[in-house]
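So the chains spell out like this:
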Amino acid sequence: MVSVLIHLVLTFGTLSLLAVGGGTAVLAEMQEVLHQQFQITPDRFLEVYSVGQLAPGPNMTMVVIFGFQLAGILGALLVGLAFFLPSSVLCFWIGRFWNYVGETPWRRAVQNALEPISIGLMCSGVYAVGKSALDGPLTIALAMTAFMGVLFTRINPVYVILGIGTLGAAIKYWQPGLL
Amino acid sequence: MNEPAESIPPPSLWEIFLEFLLIGAISFGGGIVAYQKILLTEKRRWLNDDEFMACLAISQTMPGLNAVNIAVLTGDRLRGVLGSIVASVGLLLPGVVFVLVIGILYLKNTDHHLANLLLAGVAAAATGLLSAITYRLGHRQFNHFKSLLVVFASFFLMSIMSLSLPMVLLIMVPISLLLFRPKA
């Protein structure tokens, strides 16, 4: 039990510091590591990720569910701390340091250099999630509808997701053989 | 970052906690930074626009979630290290409680047919949402050859070559820094 906790803390602590440009950048890596080292299937990963999409606040709070599943409430607490504390402490000190030295051309350069990397990693996140989420014409159609809905309307994304999710469930429930 | 905005007495830790708790509870569907901007610079006037943009720039440069980093930096600016702690805990608390309650209910009963169908639909929609967010954040990158190269190389190493994330960063960060270094 203790070794699972230590393993979880090290895993999510590392992911915390690798999350350049936000949590989505580590989605693909998280799915892979949880599968290889903690036997969490990509399908289960996707279910937990989906719960996170419906949560208020940052969607990445869903990481605590993995902690809970593997090591109970203590696991949830430690995974939450491990995922959010290291990057926050780093940001805290860098924030003070930056305030002390003032704006330099290098801060902008670092941000410009990391931006395309984080976009590339977000594409990997889409790819990882999409590989398990899109298993046929129906789910592909749902995903494309959500894409358009988020990009071209001003509807809150959580309603888009809930609406399309419910629609998908309804179609599969009443017409399981349709698509 | 310890100087509060001029002429306004610094808020109490409790006020900071409640404000970020509110942001964490009402910001459904992402876009939390926009909520923070409105509540911190317009409703509360704890930061002016310049200060907020400076915090955002550092948040985007550092690893971690932008919204959490902004909470850390704003909290520090208002009330030092304790301010940072109450701000980030307040921001994360509603979401953590939500996912724990839903997650526990779901894990207790994973064979629930309707819940599984709903989550499958939500997962498909979430893939669309994630693509849309990636597109919205990234479309400027797609117009520049240099940026597009880094976007594609990062994706390729991660998803096609299946390298681990530390390895991808070890390769891509130096290359990208070299490409985007400040002009002397």
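Residues numbered from 1 in each chain as written. Chains lettered and ligands numbered in written order. Predicted model: local features only at pLDDT ≥ 70, side-chain atom pairs only at ≥ 80, totals over all residues. Heavy atoms only, no water.

A. Structural context of the overall build of chain A. Helix and strand content of chain A: seven helices and zero strands. Secondary structure elements of chain A occur, N-terminal to C-terminal, as α-α-α-α-α-α-α. Dimensions of chain A along its principal axes, counting C-alpha atoms only, are 60 × 45 × 25 Å. The 179 residues of chain A split such that 54% are buried. Partitioning the intrachain contacts of chain A with sequence separation of at least 6 by distance along the chain shows that 61% fall at a separation of at least 24. When the accessible surface of chain A is summed, it comes to about 7900 Å², and 69% of that surface belongs to carbon and sulfur atoms. In chain A, 7 side chains carry a positive charge and 7 a negative one; their mean positions are 9 Å apart. (Helix = DSSP H or I, 4+ residues; strand = E, 2+ residues; numbered from the N terminus. Buried < 20%, exposed > 50% of the residue type's maximum accessible area, 1.4 Å probe, protein only. Contact = heavy atoms within 4.5 Å. Areas by Shrake-Rupley, 256 points an atom, 1.4 Å probe, with all protein chains shown as cover. Lys, Arg positive; Asp, Glu negative; His and termini not counted. Charge placed at Lys NZ, Arg CZ, Asp CG, Glu CD.)

B. The arrangement of the packing of helix H3 (residues 42-54) of chain A against helix H4 (residues 66-108) of chain B in detail. Taken N-terminus to C-terminus, the directions of H3 of chain A and H4 of chain B make an angle of 140°; their axes are 9 Å apart at the nearest point. Compared by their axis directions, H3 of chain A and H4 of chain B come out oblique. At the point where H3 of chain A passes H4 of chain B, the crossing takes the right-handed sense. Note on element contacts: H4 of chain B touches H3 of chain A through Phe98, Val99, Ile102, Tyr106 and Leu107 of chain B, opposite Arg44, Glu47, Val51, Gly52 and Leu54 of chain A. Here the contact of H3 of chain A with H4 of chain B is composed, by residue class, of seven nonpolar, one polar and two charged. (Axes fitted to C-alpha atoms, helices over the stretch in contact; angles between N-to-C directions. Parallel < 35°, antiparallel > 145°, perpendicular 65-115°, else oblique. Left-handed = near helix turned anticlockwise from the far one by under 90°. Nonpolar A, V, L, I, M, F, W, Y, C, P; charged D, E, K, R; others polar.)

C. Spotlight on helix H6 (residues 145-160) of chain B. Burial in H6 of chain B covers these residues: Ser147, Val150, Val151, Ser154, Phe155, Leu157, Met158 and Ser159 of chain B. The secondary structure elements touched by the buried residues of H6 of chain B are helix H2 (27-38) and helix H5 (105-133) of chain A together with helix H7 (165-179) of chain B. Remark: Ser162 of chain B follows H6 of chain B within two positions and exhibits a positive phi of approximately 55°.

D. Main features of unusual backbone geometry. Residues and elements named next belong to chain B. At Arg45, a position not held by glycine, the phi torsion is positive, near 55°. Take Arg45: it is sitting in the loop between helix H2 (32-43) and helix H3 (49-61). In this model, Ser162 sits at a positive phi of 55°, which is unusual for a non-glycine residue. You can see Ser162 is positioned in the loop between H6 and H7.

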